[in-house]
Each structure stands twice: as structure tokens, then as C-alpha cells.
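Residues per chain are reported as follows:
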Amino acid sequence: MSDPQAAMIFAAGFGTRMRPLTDTRPKPLIKVAGKPLLDRALDLTEGTERVVVNTHYLGDQIARHLAGRTVQTIHEPEILDTGGGLRNALPLLGTGPVITLNSDAVWTGPNPLQTLRNAWKPDRMDALLLLIPVANARGYEGTGDFSQDADGRLTRGPGLIYSGAQIIKPDGLAQIPEAAFSLNVLWNVMQPEGRLFGVVHPGGWCDVGHPGGIAEAEAMLANV
């Protein structure tokens, strides 16, 4: 099917930038405005047929947190990064395009995953990344990750930040020899073929990958 029926939430990382808060709990269970980041991410996937959460660091805490929910978890004995983690989870995700979502961001505005679904054109795209203009980002310091042409195709460059949400066809993962690798590796194959696209999120976004991002995100939510 061309419309994504499965979503993967990345929750395996060590949360190094979030220390000391992550010394005793995984980053996805850190709360923003009283709600764990992981639960905020799961809310966005409502209505998706299959949802998978990968775990590694303090994964037993995440497994307990999700117990009884219709969400599958897959534990990585060794960290596999985003690309390796997605490939490892494919038996649970099924065939076809997959939504992937980082668990360390907070959003305002329309559901970002619906924005992706509305813009997804599988005949033209191998991946569709959800982007944030640098001027609209909170908790972020940098110049951006991508530039975009008039048709939405992406090249590496300043201006737009990858927000941590995308739709991607996982077929090319089988050709990558490394066990642990970033999805950037797959994007670098798609981009020169003109198959890497982006769409801009029309609402707010805050990176909560570091302690200061918690207050930034709560301030953003308070102003909605």
C-alpha cells in the first residue's frame, strides 16, 4: 500500500545531551508539561495500524511504561542508530513505506504526521522529511540541514531543519553493509536521484534533546 500503515518511534538512544536527567531514566520518559515525551509522540501516531518503539538504554523502563498498550517494542542489545534500528524493526513494521518519529521533540499546530501523509507522493518520493524553518525552531542552535527547490526536492544546505519526522521507503536499507548506521546514509543515496523531498510544518517545534529544551517547550505550549 502506498499510504504508510506503520510507524516507528526511536527511543533507544543514551540521551547524552540530556544528562544528568538521563542518568537514571531514558530520555523518552522525561516529562514536558507533565507528560512523557514518548506519550506525546505516541499521541501523534493515533490511527496508525502498527506502531513500534525501539529500546536500548534503560529499555526495561520503557517496556514497563508501555505495558498493556497496543504498541510493540523491540530491544536492541547493541545500539543500531536510526538506520540500523529501522532495518532491525522491519519484521514488525511490515512492507511498504514507514513513518519514523524521534521522541525528543514537542510540536504545536496540526498533527505533523498528517502533514506528511497529505504531501506524500510515492510515485515521486522515496522519502519525505518534515522540516522546520530555522526562524521557527525553539531549543535549537544552528543553520539548518537542508535547502529546498521549488518542487520540494532537498539538498544539503542551510535554512531548514529536519524535525525528526518523515515517511520513508525502507527498501534501500538491505543494501547497506553496516549493522549500525544513520538514516542519513539512505538519504544520501536518494538525494542525487531526485527522490528526497521535504514539506514544511506550519506550526511550532521545539528540540527537547537537552535540559534547556524542557523549559523552551513548556513555554511554547503555554502560548498556544
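The present account deals with the structure reproduced in this document. Treat the numbers as computed from the prediction; the structure is a model and nothing was measured.

### Quick look at the overall build of the protein
Right, on to step 1. A tally of regular secondary structure across the protein gives six helices and 14 strands.
Right, on to step 2. Taken over the C-alpha trace, the protein has a radius of gyration of 16 Å; the compact-globule value for 224 residues is 17 Å, and the two agree within 12%.
Right, on to step 3. Its C-alpha atoms give the protein principal-axis dimensions of roughly 45 × 40 × 30 Å.
Right, on to step 4. Put simply, the protein has 224 residues, and 53% of those count as buried.
Right, on to step 5. By sequence separation, contacts in the protein at least 24 residues apart represent 72% of the contacts at least 6 residues apart.
Right, on to step 6. On the protein, roughly 10000 Å² of surface is accessible, and the fraction owed to carbon and sulfur atoms is 51%.

### Things to note about the nonpolar core
One broad trend across soluble globular proteins is that nonpolar side chains are buried collectively.
Right, on to step 1. Core analysis: the biggest nonpolar cluster contains 32 residues, and Val-53 and Trp-107 have the highest contact counts within it.
Right, on to step 2. Looking at this core element by element, the count peaks at four residues for helix H1 (residues 37-44).
Right, on to step 3. Sequence-distant contacts of Val-53, that is, excluding residues within four places in its chain, are made with Ile-9, Ala-11, Leu-38, Leu-42, Ile-62, Leu-66, Val-71, Gln-72, Thr-73 and Ile-74.
Right, on to step 4. By size, the runner-up hydrophobic cluster in this structure holds 25 residues, among which are Ala-89, Ala-127, Phe-146 and Phe-181.

### Some thoughts on the environment of Asp-126
Right, on to step 1. Residue position: Asp-126 is located in the loop between helix H4 (112-119) and strand E8 (127-133).
Right, on to step 2. For Asp-126 and Leu-196, which are 70 residues apart along the polypeptide, the C-alpha to C-alpha distance reads 6.1 Å.

### What about the pattern of salt bridges?
Right, on to step 1. Under the criterion given, the structure shown has 11 salt bridges.
Right, on to step 2. Two residues, Asp-207 and Arg-17, come together in a salt bridge whose shortest N-O distance is 3.4 Å. In this pair, Asp-207 sits in strand E14 (residues 205-207) while Arg-17 sits in the loop between strand E1 (6-10) and strand E2 (31-32), placing the two residues 190 residues apart along the sequence.
Right, on to step 3. Classification of Asp-207 by relative accessible area gives buried; the value is 9%.
Right, on to step 4. A salt bridge links Arg-64 to Asp-60; the nearest nitrogen and oxygen atoms lie 3.4 Å apart.

### Comments concerning helix H3 (residues 81-93)
Right, on to step 1. Here H3 is 13 residues long and its end C-alpha atoms lie 17 Å apart, about the 18 Å a rise of 1.5 Å per residue gives.
Right, on to step 2. For H3, the principal kink sits at Arg-87 and spans about 35°; a proline, Pro-91, occurs within the next four residues.
Right, on to step 3. For H3, every residue scored as buried is listed here: Gly-83, Gly-84, Gly-85, Leu-86, Ala-89 and Leu-93.
Right, on to step 4. Packing partners of the buried residues in H3 comprise E1, strand E4 (50-55), strand E5 (72-75), strand E6 (98-102) and strand E12 (160-168).
Right, on to step 5. Taken from the residues just after H3, Gly-94 is the one with a positive phi, measuring 85°.

Parameters at a glance
Residues numbered from 1 in each chain as written. Predicted model: local features only at pLDDT ≥ 70, side-chain atom pairs only at ≥ 80, totals over all residues. Heavy atoms only, no water. Helix = DSSP H or I, 4+ residues; strand = E, 2+ residues; numbered from the N terminus. Rg over C-alpha atoms; globule rule 2.2 N^0.38 Å. Buried < 20%, exposed > 50% of the residue type's maximum accessible area, 1.4 Å probe, protein only. Contact = heavy atoms within 4.5 Å. Areas by Shrake-Rupley, 256 points an atom, 1.4 Å probe, with all protein chains shown as cover. Core = buried A, V, L, I, M, F, W, Y, C linked by side-chain atoms within 4.5 Å. Salt bridge = Lys/Arg side-chain N within 4 Å of Asp/Glu carboxyl O. Expected span 1.5 Å × (residues − 1). Bend = angle between axes of the 7 residues up to and from the residue.

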